Every structure is written in structure tokens, then in C-alpha cells.
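# Observations on chain architecture
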Amino acid sequence: MAVTFTLNGQQRRYSGDPRTSLMDALRCDFRLTGTKDVCGEGFCGACLVHIDGVPKVSCLLPIGAVEGADVTTIEGVGDLGTLNPVQQAFEDFDVVQCGMCFPGMVMTLSHFLQDNPRPSRDEVKSALVGNICRCTGYERIIDAVMSLHNSAEGRK
Ligand code: FES
Ligand code: FES
């Protein structure tokens, strides 16, 4: 049975096994390798995508579960020509080292900042509880997120 869903704004169809994880289908079948395969067990957040606007880990989710849904991956939130604001802040603060956590963090923070455009540092820390970074250290990541709010203040 084929699975049809919207992927980064385009109608797509998957004809393989509907029990395949969404992460594997995205990476191997749709060639969207920005979604990272790190733990494969649902605890690191590297494979986060938005499903109907809500961040979900894609490694534990069978692709059959997204029938009719709206799926957005890191490729759908920004690109090299037009970075998402979180991506731009991460670049400005030189946050990324190996980069494996980066797409998942962008997916978490993009959603979080929609509802909380002026977060405190503690709120940003709480928002990132499901995203593990082994390289950079969270202080710089949080500095980058806080800069979005500060630069918005500066423009007023
Ligand atoms: S790869 Fe999915 S949560 Fe780690
Ligand atoms: S930059 Fe390497 S895990 Fe975060």
C-alpha cells in the first residue's frame, strides 16, 4: 500500500514497506539526508522533523503513520541562499562542530520560537531537553538563540 503525504510543500508518494521508519525513508528513498541518523532509538533528537507543524522524532515513526500528513524536514525550513533565522544565528555564533545535532535543534527551536518569541535562557534550555549535542556545549547554542530576541529588540 502506498503512502501519500506532503513533503516540504510537495505531494509525495512512498511505495515501499509502510513499517519503514520515516527517517530511513527520508534519507534513503527521498535523499533528504539533512535528517540525521544518530541514536536510532528516539532519545537524541537528531532526526526531528515537523509533522503537521509539530516536532517529532522520525526514527521511531513508521512512514505509514504520516499518510495524509504535512511533513517538513530541515531542507524545508531554509537553504544556503535563505537560512532560517535559527540557522543564521548558529552560523553567526559558530555553534556547529560535527553538525549531527544541528538539524534537529533547528527543527525544535523553529517551532519553539513561534510560540515563544521572547524566551528566557531557562526556557530555551527546557526546549532543548530532547536534543543532545556532544560537541559544542549548550551555552553557545543558547547564546545564539538569545541573540535572535536581542537583535529583534535592537531593531525597535
Ligand atoms: S536518531 Fe532519532 S532520536 Fe536519535
Ligand atoms: S555539533 Fe556535534 S553533536 Fe552537536
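Residues numbered from 1 in each chain as written. Chains lettered and ligands numbered in written order. Predicted model: local features only at pLDDT ≥ 70, side-chain atom pairs only at ≥ 80, totals over all residues. Heavy atoms only, no water.

### A few points about the overall build of the chain
Keep this limit in mind: In this description a helix means any DSSP run of H or I spanning at least four residues, a strand means any run of E spanning at least two, and both kinds are numbered starting from the N terminus. We take the radius of gyration over the C-alpha atoms and set the globule estimate at 2.2 Å times the residue count to the 0.38 power. Residues are treated as being in contact if the distance between any of their heavy atoms lies within 4.5 Å. Accessible surface is estimated by sampling points in the Shrake-Rupley manner with a 1.4 Å probe; for residues, cover comes only from the protein chains shown.
In terms of helices and strands, the chain carries five helices and five strands. Compactness check: the chain gives a C-alpha radius of gyration of 16 Å against a globular reference of 15 Å for 156 residues, within 12% of the reference. With respect to the principal axes defined by its C-alpha atoms, the chain has extents near 50 × 30 × 25 Å. Across the chain, contacts joining residues at least 24 apart in sequence account for 55% of those joining residues at least 6 apart. Element-wise, carbon and sulfur atoms account for 49% of the exposed surface of the chain, whose accessible area totals about 8,200 Å².

### Section: the nonpolar core
Definition in use: The criterion is simple. A nonpolar core is a set of buried Ala, Val, Leu, Ile, Met, Phe, Trp, Tyr and Cys residues joined through side-chain atoms within 4.5 Å. Whether a residue is buried, partly exposed or exposed follows from its accessible area with a 1.4 Å probe, protein chains only, as a fraction of its type maximum: under 20%, in between, or over 50%, in that order.
In this structure, F90, M105, L109, V124 and I141 are the most contacted members of the largest nonpolar core, which totals 22 residues. Taken together, the elements giving at least two residues each to this core come down to α2 (85–92), α3 (102–115) and α5 (138–155). Per element, the largest residue contribution to this core is seven residues, and it comes from α3. In this view, M105 contacts F90, L128, N131, C133, Y138 and I141; residues no more than four positions away in its chain are not counted. One finds L32, V49, V66 and V71 within the second-largest nonpolar core, a separate group that totals 15 residues.

### Let's talk about the sheet that holds strand β5 (residues 70–72)
Two strands in a sheet stick together by hydrogen bonds in their backbones, pointing the same way (parallel) or opposite ways (antiparallel). Here is the rule: For two strands to pair, DSSP has to find at least two bridges joining them. Lines fitted to C-alpha atoms define the axes here, with helix axes fitted over just the stretch in contact, and angles between the N-to-C directions of these axes take values from 0 to 180 degrees.
Strand order in the open sheet formed by five strands is β2-β1-β5-β3-β4, and the pairing between neighbours is mixed. The strands lining the two open edges of the sheet, one partner per strand, are β2 (10–14) and β4 (54–57). Strand-to-strand twist across the sheet, computed as the mean angle between neighbouring axes with direction ignored, equals 40°. Direction of pairing for strand β1 (residues 3–7) relative to β5: parallel, over a ladder of two bridges. What sits directly across from T6, in β5, is D70.

### Examining the pattern of salt bridges
Here is the rule we go by: By salt bridge we mean one thing: a side-chain nitrogen of Lys or Arg within 4 Å of a carboxyl oxygen of Asp or Glu.
In this structure the tally under the stated criterion is three salt bridges. Close ionic contact of R121 with D143 constitutes a salt bridge, the shortest N to O distance being 2.9 Å. Of this pair, R121 sits in helix α4 (residues 121–127) while D143 sits in helix α5; the two residues are 22 residues apart in sequence, bridging distant segments of the chain. Residue classification places R121 among the partly exposed residues on the basis of a relative accessible area of 29%. Taken together, the shared-partner salt bridges in this structure form one network comprising R121, E139 and D143.

### Brief notes about the domain arrangement of the chain
Note the cut-off: The split of the chain into domains comes from an automatic or database domain assignment. Note: buried area is the sum, over both parts, of the accessible area (probe 1.4 Å) each one loses when the two are combined.
When its domains are assigned, the chain resolves into domain 1 (3–76) and domain 2 (85–155). With centres defined by C-alpha atoms, the gap from domain 1 to domain 2 works out at 22 Å. If you look at the interface, domain 1 gives 17 residues, while domain 2 gives 13 residues. Here domain 1 meets domain 2 over a buried area of about 1,200 Å², counting both sides, of which 67% is carbon and sulfur. Sorting the residues of domain 1 by area buried against domain 2 places L48, H50 and I74 first, and these three jointly supply 37% of that buried surface. At the junction of domain 1 with domain 2, the criterion picks out zero salt bridges. Mapped onto the side of domain 1 that touches domain 2, the elements with two or more residues apiece are β3 (48–51) and β4.

### Quick notes on the pairing of β1
Along a regular strand, successive side chains alternate from one face of the sheet to the other. Of the two faces of β1, only one is covered, namely that formed by V3, F5 and L7; the face formed by T4 and T6 stays uncovered. Bridging between β1 and β2 involves five bridges; their strand directions are antiparallel. Its bridge partner lying in β2, L7 is registered against Q10. Counted between consecutive antiparallel strands, the loop separating β1 from β2 contains two residues, among which N8 sits at a positive phi close to 50°.

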